[in-house]
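So the chains spell out like this:
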Amino acid sequence: MPAWPVGPGRRGRHGRTVAAALTACATLAALAAVQPASARPTAPAAQAAVTVAVDGEYTQRFLELYDKIHDPANGYFSPQGIPYHAVETLMVEAPDYGHETTSEAYSFWLWLETSYGQVTGDWEPFNHAWDTLEQYMIPTTENQPTNAAYSPNSPATYAAEHNHPSAYPSQITAGVTTGKDPIGAELRQTYGTPEIYGMHWLADVDNVYGFGAAPGSSTLLGPDHEGTSYINTFQRGPQESVWETIPQPSIDDFSFGGENGYLDLFTGDASYAKQWKYTNAPDADARAVEAAYWANKFATEQGQPEAVAETVGKASKMGDYLRYALFDKYFKTPGCASMSCAAGTGKDSAHYLLSWYYAWGGALDTASPWAWRIGSSHAHFGYQNPMAAWALANDPALEPSSPTGADDWSKSLDRQVELFQWLQAPEGGIAGGATNSWDGAYAARPAGTPTFYGMAYTEAPVYHDPPSNQWMGMQGWGMERIAQLYHETGDERAEDILDGWVPWVVDNITVTDDSWQIPSELTWTGKPDTWDPANPGDNSGLSVSVKSYGQDVGVAGALARTLMYYAAGSGDTVAQETARDLLDAIWEQNSDPVGVATDETRGDFGRFDDVLTSPTGNGTFVPAGWSGTMPNGDVIEPGVSFLDIRSFYLDDPDWDKVQAHLDGGPAPQFRYHRFWAQTAVATALADYDRLFGEDVPPVEDTEAPTVPTGLEVTGQTGTTVSLAWEASTDDTRVNGYTVRRDGVVVGSTGGSVTAFTDEGLEPGTSYSYTVSARDAAGNVSAPSGAVSGTTDDDAGPEPGACTAAYATRGSWGGGYQGEVTVTAGPSGVAGWTVALDLAPGGLSQAWNATTSVSGGVLTASNVGWNGTLAAGASTSFGFIGTGAPPADTAVRCG
């Protein structure tokens, strides 16, 4: 039986954690042919030969920086055409070497080529970037050879996470009940394969470690392999910084390390088997989907959607698998506060947030196959991507092929936006996140801990060294997607969040003729209120202040893009001018022959030779009695430092600068060209001309869209009325539509969506509907002509056609999770409705059913996919209740 990898394993800038994978049981598989190297994408021809769709000063700057990134002499790409994390090699932050790469780098590359396609109409570089991603960052069949043995009913075996590396290896515990994977069978049936279509997060592009865990191989090819190699680093809880990791191969066939390879550094088991294991960074996959949405939009506007159609289809598939990030690590239910809490049986284990990772792995021995999969219990706001969620739920080109994928992303969209609302401090900044597994072991939460749909607030939800919400980049990354959602759909919740955030950021940006600065590190105090979507608090007990300022060009690019999308949607000239001034300052003050960069003083490089001197201190922890070797012969044993197991750094051309610091000299300075940072600035430059042209300040938009016409009822049931109408036009762009029932707003659509279904209605009742259009500046049209829609008299099956039973799946202070199972009678049902008295509590949220509450009674009816049940067949839906669980658990089904 497979065990699961232990806990957080990925970190971002200066130490950002993502769960790694390891586990127990099986042996070695056959060697497969390694993929041949591909040619590096050529840089575009000289700019004079480039056809530019939107020309202007910032477009020309974009093309100049684009050429620098693609110039082979500058060293952004490997001989295989893979983007390095940075041009420079001596770098320790999330990757522990500059010539590693991340799924993050690939996702930013896609954004770079999206902007290039929008500017020039040439989409071959965008498609090539995805092809390279698919070849080198999505494990092949040979890399994950035993996925066919995976059982969704038994996805993984429990092993706790621990707060300090010294508590590892973590013992595998078969006695802890884990839930069922509700999407595994659906994905396999939809795509005809048991494999995962998602990126592993980290690769050693030049095989500097020498593992040789190559794409297309199920065994380690060793130091002689010339090409990229799948590796992992973070593996041992939130306190394990990048300086304390022990790198390990994603294919562990015991060629290196100790007696059991590297496995027994992380998990404790009775015996160990050779295995493969991969970890996905959901923010990167979501960013790839987001880029594909815009690529499709731009190509369609150019009249050539077919140019990106195949790649966009692959992005849709990736988004389908990305749903693993929406589930608790061991598929337990939200609100879990003990290892014995309820295990999920369906979508009731979904928190619907983009968590810190998902991971999968299995045996190398195809004669004794097994495989496992997990989600994650920890969610940081900076990882959320409501723009990608909206696209996966609403864009026909990106809606997943699986039966429930689009619906899951629709729920995720709302949940992600609510997370931002919940975490916003009165000053405007967004606090950390939430966890469903306190201390990584489903421990009891401290008294007074605020909750969000059962999950517990935590200031640093994923890594602690340094605190994960200290870096300003999380604000830029997370809020950029909120701003895109607002600009593209007119989402009023996103607008409200931005209205509070933008002034705070603008007030903390300083630009002069010869300098500029943005916030670098933040300090947080207090906590948010417990989330109540019906009555959000004011978070008066939560506060943020700026701890330090700096010149991080990548973060500045992200902040500029956020301000630009907000300005384009709202007409805020101050936000636009601040973004423009920031981009001008970077271009004028930070440009160099390789790209844009700034001098960085790296005091943290004094940790190169730190060793562990106390059980809970800083340094590389190796368990007593454990010994092994790296492929180059570096010894792994208690008392080693970061440098001791990475002696290759001693040969780096810049090492003398670090050695001088270790010998007592000042902290060294470096000028880094990170791939993601170059792209963040480049895409901001391209966006500026696209969004504003050369009109500075922008012309205020006061013209409302035309009135929607052709409103009609397209269908109805006993509890729903469906509507459709003709699209409005606007002098800039229609951002969405607002639907009113009997004069009261009941819903809205975003972008170009011209259909809406009103749910939870009374049977046999007539309702009057109107629709109005809105644009990016907030102008609203007059309402359309009214139409009348009447629900059917029959709201469901005849009484006796089904039975239903209620169960409480978990409870916490102020709330609980309930589940109702519906079972068809001897004649089966073609639609069902149930009723449950919620007294003394109420309803917060539900899934897998259409619900309404009146007089304390919950009425729920099937959604499209679970309404038809054969005789004796069952389905279930879940909900989050407020207050105490129902006193009367009788459920009426008819």
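Just above, that's the structure.
Described in the following lines is the structure provided in the data block. (Residues numbered from 1 in each chain as written. Predicted model: local features only at pLDDT ≥ 70, side-chain atom pairs only at ≥ 80, totals over all residues. Heavy atoms only, no water.)

Counting along an α-helix, one turn takes 3.6 residues, and residues three or four places apart therefore face a common direction. With 18 residues, helix 14 (residues 675-692) ought to run about 26 Å at 1.5 Å a step, and its terminal C-alpha atoms sit 26 Å apart, in line with that. Of all 18 residues making up helix 14, 17 are buried, and the element is well covered by its neighbours. Directly beyond the C-terminal end of helix 14, a positive phi value near 60° is found at Gly-693. (Helix = DSSP H or I, 4+ residues; strand = E, 2+ residues; numbered from the N terminus. Expected span 1.5 Å × (residues − 1). Buried < 20%, exposed > 50% of the residue type's maximum accessible area, 1.4 Å probe, protein only.)

Right, let's talk about the sheet that holds strand 23 (residues 709-716) for a bit. Ordered by their spatial adjacency, three strands build an open sheet running 23-24-27, and the pairing between neighbours is antiparallel. A single partner strand is all that each edge strand has here, and the edge strands are strand 23 and strand 27 (755-758). Each strand of the sheet is rotated relative to its neighbour by a mean of 20°, with strand direction disregarded. Relative to strand 27, strand 24 (residues 721-726) is paired through four bridges, and the arrangement is antiparallel. From the neighbouring strand, Ala-724 faces strand 27, where its bridge partner is Ala-755. (Pairing = 2+ DSSP bridges. Axes fitted to C-alpha atoms, helices over the stretch in contact; angles between N-to-C directions.)

The strand order across the open sheet built from four strands is 12-13-15-14, with neighbouring strands paired in antiparallel fashion. Either end of the sheet is taken by a strand with one partner, and the two such strands are strand 12 (378-380) and strand 14 (451-452). Pairing of strand 14 with strand 15 (residues 455-458) involves two bridges; the strand directions are antiparallel. Residue Phe-452 lies in a different strand from strand 15, and its bridge partner there is Met-455.

In this structure, Ile-196 sits in the loop between helix 4 (184-191) and strand 4 (202-204). If we skip the residues at most four places from it in the chain, Ile-196 touches Ile-138, Gln-144, Asn-147, Tyr-321, Tyr-324, Tyr-358, Trp-360 and Arg-373. (Contact = heavy atoms within 4.5 Å.)

With that settled, consider the state of the cysteines. Linking two cysteines covalently through their sulfur atoms gives a disulfide. The tally for this structure, following the rule as stated, stands at two disulfides. When the cysteines engaged in disulfides are numbered in sequence order, the protein chain pairs them as 1-2, 3-4. (Disulfide = S-S within 2.5 Å.)

Moving on: the environment of Gly-303. Assignment of secondary structure puts Gly-303 in the loop between helix 5 (282-301) and helix 6 (309-321). With 106 residues separating them in the primary sequence, Gly-303 and Tyr-197 have C-alpha atoms 29 Å apart.

To continue, consider helix 2 (residues 103-120). Over its 18 residues, helix 2 extends 26 Å from the first C-alpha to the last, a length consistent with the 26 Å expected when each residue adds 1.5 Å. Burial of helix 2 is extensive: 18 of the 18 residues sit out of reach of the surface. In the segment just after helix 2, Gly-121 is the residue with positive phi, at about 80°.

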